[in-house]
Amino acid sequence: MSPLLLLLPPLLLLLLCSSVASLLASPGQEPWGSPGSLGAESLQPVDVLYASGVDAYGRDDWPGVIRYMNLALRSARAVRAARLHCRRSCDGTNGTALPGDDDNGGGGGEGGQAAAGGAAAWPHAWDARFFGALLRRADCLRHCERVHLGGEPGRHRVGEQLVEEFRRRAPYHYLQMAYFQTKALGRAAACAHTFHVANPGHVEMKKNLDFYRGTGAVPDHEFVDLEARPHLGSDDTVR
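Overview of the structure. (Residues numbered from 1 in each chain as written. Predicted model: local features only at pLDDT ≥ 70, side-chain atom pairs only at ≥ 80, totals over all residues. Heavy atoms only, no water.)

### Thoughts on the nonpolar core
- Ranked by internal contacts, the top residues of the largest apolar core, which has 33 residues, are Tyr50, Val65, Phe166, Tyr172, Leu175 and Tyr212.
- Looking at this core, the elements that each hand over two or more residues are α3 (46-58), α4 (62-89), α8 (160-167), α9 (170-181), α10 (185-198) and α11 (203-215).
- Residues contacting Tyr212, with those up to four places away along its chain left out, are Gln176, Phe180, Leu185, Ala188, Ala189, Ala192, Val218 and Phe223.
- In this structure, Leu43, Ala78, Ala82 and Leu149 belong to the second largest nonpolar core, which totals five residues. (Core = buried A, V, L, I, M, F, W, Y, C linked by side-chain atoms within 4.5 Å. Buried < 20%, exposed > 50% of the residue type's maximum accessible area, 1.4 Å probe, protein only. Helix = DSSP H or I, 4+ residues; strand = E, 2+ residues; numbered from the N terminus. Contact = heavy atoms within 4.5 Å.)

Here is the structure:
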């Protein structure tokens, strides 16, 4: 037996084991919606797609840049949506509510009676409820993300460097050049504007925006922030 488990009070250990057993015995209880509702079957890891896009950029493969950067953006949005959906679905459902979520300070009700009946027994019972709820919530999140993200959720985790790349909207920097090279000036202008909103001091992109405006071939409505409005199209998430 683990040394950590030996330190737990017998009552707490018993209830924790009971919680784990109940999870294993009832895998069919799914409070987080219908499987596959977020398109997990086609969802690929963001880091793999982004790296493929950068590689295509280095080879001047402009259609490849457009394909992989758009897929990376779509995957990033889907992962964010799935995790938010799972957090909301597993928040206090199916026995995952933490004791503090519905207790009134332990002064009344069952908690107050337990405290009045025995100060030594109540903390152990509360700890058991707390850790049991944590286990159920973690299990709920793990199952929910596995369904909606497809496979193990860990494959969609990314490093801080990639998080920063998306925070500064780097995919749109690559897309701007790719669309320009394929003579899709409207899309290039939209990507340039989207990148510039997050990087107003970027001199090169400011020059690109001035160029697109100066051509007279790009109407004003094309200069939009693609991260601030719903994206149109089914096969291309940035327009």
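### Some remarks on unusual backbone geometry
- Not every positive phi belongs to a glycine, and Asp60 is a case in point at roughly 55 degrees.
- A positive phi is found at Lys183, a non-glycine position, where the angle reads about 65 degrees.
- Here Lys183 is to be found in the loop between α9 and α10.

### Describing the state of the cysteines
- Counting across every chain of the model gives two disulfides.
- The residue that forms a disulfide with Cys86 is Cys144, at a sulfur-sulfur distance of 2.1 Å. One disulfide, between Cys86 and Cys144, carries an S-S torsion of -80 degrees and so falls in the left-handed class. Taken as a pair, Cys86 in helix α4 and Cys144 in helix α7 (residues 121-149) lie far apart in primary sequence, 58 residues in all.
- Classification of Cys144 as buried rests on a relative accessible area of 0%. (Disulfide = S-S within 2.5 Å.)

In short, the description is geometric, and any link to function would need to be established separately.
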